[in-house]
Amino acid sequence: MGTGSFLPERRVSNAELAERVETSDEWIVERTGIRFRHIAGDDETTSTLATAAARAALESAGIAATDIDLIVLATATPDQTFPASATRVQTALGINDCVAFDVAAVCSGFLYAVQVADSMIRAGAHRRALVIGAETFSRILDWEDRATCVLFGDGAGAIVLEGQESDAATGRGILATRLHADGRHNDLLYVDGGPSTTGTVGKLRMKGREVFRHAVVNLAAVMEETLGAAGLSSDQVDWVVPHQANARILDATARKLGLAPGKVIVTVDQHANTSAASVPLALDTAVRDGRIKRGDLLVLEAMGGGFTWGAAVVRF
């Protein structure tokens, strides 16, 4: 497995945001743990961020782009309504023909994309896959809404998956995944536009307290469920790589599972919430700084609008 990530050059501090909306560094840090976020430039799109992350993942894996026969891109902010942004990544990488499509499950999108790619590889349909999470959430934020605009940023992360024969007990790779959705909670986290409704892109809307409450319960439950499916327990986990939405959610979820805070990869302070990009961004950060090592047991988890949520147990 190779990992890669990419962040726009423009890095925005809480103090800079406080010049634009009524907020403060202290208020944001106390409630979210966020200190910085990256914002895409005018010449950057979801697919350009995704392409840069994909190139880094390919380099990490030591394989050529032409060895890829499947691209699954998780995003809620595609370049166009259609075609899929994955096809733009495909073209940018110089791959003339491979299966390429987008998955839309918001912040859980990367976990959905991982299970889709894993299933297609296990079925024998494909050998090597690029799984990418990429977002330009800054384009759908209401910059007059101080409760939401401070929470999100732009970025991309990617992994390379390859089908290999291995021992089920000791082999590397994806050991188990579990996904869920409950559309009854649409109005707690959504975008108020779309081609079929308003004919506009719309802006993000969220009821933060209700989302927080559901997130802690759902994430702890799905992590336990997925570990159980892999025949493992939380005390065997080396690292949890969570969706980076809010430091308080990360802390509360870890406590609920009895996990030491030091086992949780935290990047929300530097990247804010990058939706489908946050899990692969956090994963790549921890791989490149040496915390995550070959053979480590990881749990990836996320929850997002819909609601959707899920987890994957991975032997790195």
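Right above here is the structure, for reference.
These lines cover the structure that appears in this document, whether it is placed above or below. Being a predicted model, the structure only gives us computed values, none of them experimental. (Residues numbered from 1 in each chain as written. Predicted model: local features only at pLDDT ≥ 70, side-chain atom pairs only at ≥ 80, totals over all residues. Heavy atoms only, no water.)

1. Side note on the environment of isoleucine 265
Link 1 in the chain: Considering the arrangement of structural elements, one finds isoleucine 265 in the loop between α8 (247-257) and α9 (268-271).
Link 2 in the chain: Looking at isoleucine 265, the relative accessible area reads 0%, which means it is buried.
Link 3 in the chain: Placed 263 residues apart in sequence, isoleucine 265 and glycine 2 show a C-alpha to C-alpha distance of 18 Å.
Link 4 in the chain: Setting aside chain neighbours within four positions, we find isoleucine 265 in contact with Trp239, Val240, Val241, Pro242, Gln244, Ala282, Ala286 and Arg291. (Helix = DSSP H or I, 4+ residues; strand = E, 2+ residues; numbered from the N terminus. Buried < 20%, exposed > 50% of the residue type's maximum accessible area, 1.4 Å probe, protein only. Contact = heavy atoms within 4.5 Å.)

2. Side note on the sheet that holds strand β8 (residues 173-181)
Link 1 in the chain: What the four strands build is an open sheet, ordered β8-β13-β12-β11; its pairing is mixed. Of all strands in the sheet, those with a lone pairing partner are β8 and β11 (239-242), marking the two edges. The mean angle between the axes of side-by-side strands here comes to 15°, regardless of whether they run parallel or antiparallel.
Link 2 in the chain: Both β8 and strand β13 (residues 308-315) contribute to a ladder of eight bridges, which runs antiparallel. What sits directly across from isoleucine 174, in β13, is valine 314.
Link 3 in the chain: Seen against the sheet, helix α5 (residues 109-122) touches β8, β12 (297-304) and β13 and runs at an angle of roughly 125° to β8. (Pairing = 2+ DSSP bridges. Axes fitted to C-alpha atoms, helices over the stretch in contact; angles between N-to-C directions.)

3. Details of the packing of aromatic side chains
Link 1 in the chain: In total, this model carries one aromatic pair according to the counting rule given.
Link 2 in the chain: The ring of phenylalanine 36 has arginine 11 lying over it, and the distance from NZ or CZ to the ring centre is 3.6 Å.
Link 3 in the chain: Directly above the ring of tryptophan 27 sits arginine 146, whose terminal nitrogen or CZ lies 5.6 Å from the centroid. (Phe/Tyr/Trp six-rings, centres within 6.5 Å; stacked < 30°, edge-to-face > 60°. Lys NZ or Arg CZ within 6 Å of the ring centre and 35° of its normal.)

4. Description of the nonpolar core
Link 1 in the chain: The biggest cluster of nonpolar side chains holds 42 residues, and the ones touching the most others in it are Met223 and Phe307.
Link 2 in the chain: When residues of this core are traced back to their parent elements, those giving at least two are α7 (208-229), α8, β12 and β13.
Link 3 in the chain: Looking at this core element by element, the count peaks at seven residues for α7.
Link 4 in the chain: The next biggest cluster of nonpolar side chains, apart from the first, holds 32 residues, and it includes Val114, Ile121, Ile159 and Val314. (Core = buried A, V, L, I, M, F, W, Y, C linked by side-chain atoms within 4.5 Å.)

5. Considering the sheet that holds strand β1 (residues 2-6)
Link 1 in the chain: In space, the five strands of this open sheet follow the order β1-β7-β6-β4-β5, with mixed pairing throughout. The sheet is open, and its two edges are formed by β1 and β5 (99-103), each paired on a single side. Strand-to-strand twist of the sheet, defined as the mean angle between neighbouring strand axes without regard to direction, takes the value 15°.
Link 2 in the chain: Bridging between strand β4 (residues 70-74) and β5 involves five bridges; their strand directions are parallel. Residue pairing for β5: alanine 74 is matched across the bridge by valine 103.
Link 3 in the chain: In the packing of helix α3 (residues 46-61) onto the sheet, contacts are made with β1, β4, β6 (128-136) and β7 (154-162), and the angle to β1 comes to roughly 145°.
Link 4 in the chain: Relative to β5, helix α4 (residues 85-92) is tilted by about 140°, and along the sheet it contacts β4, β5 and β6.

6. Examining α7
Link 1 in the chain: Over its 22 residues, α7 runs 31 Å from end to end, which matches the ideal 32 Å to within 8%, given 1.5 Å per residue.
Link 2 in the chain: Those residues of α7 that sit buried are Val211, His214, Ala215, Val216, Asn218, Leu219, Ala220, Val222, Met223, Thr226 and Leu227.
Link 3 in the chain: At the C-terminal side of α7, glycine 231 shows a positive phi close to 70°. (Expected span 1.5 Å × (residues − 1).)

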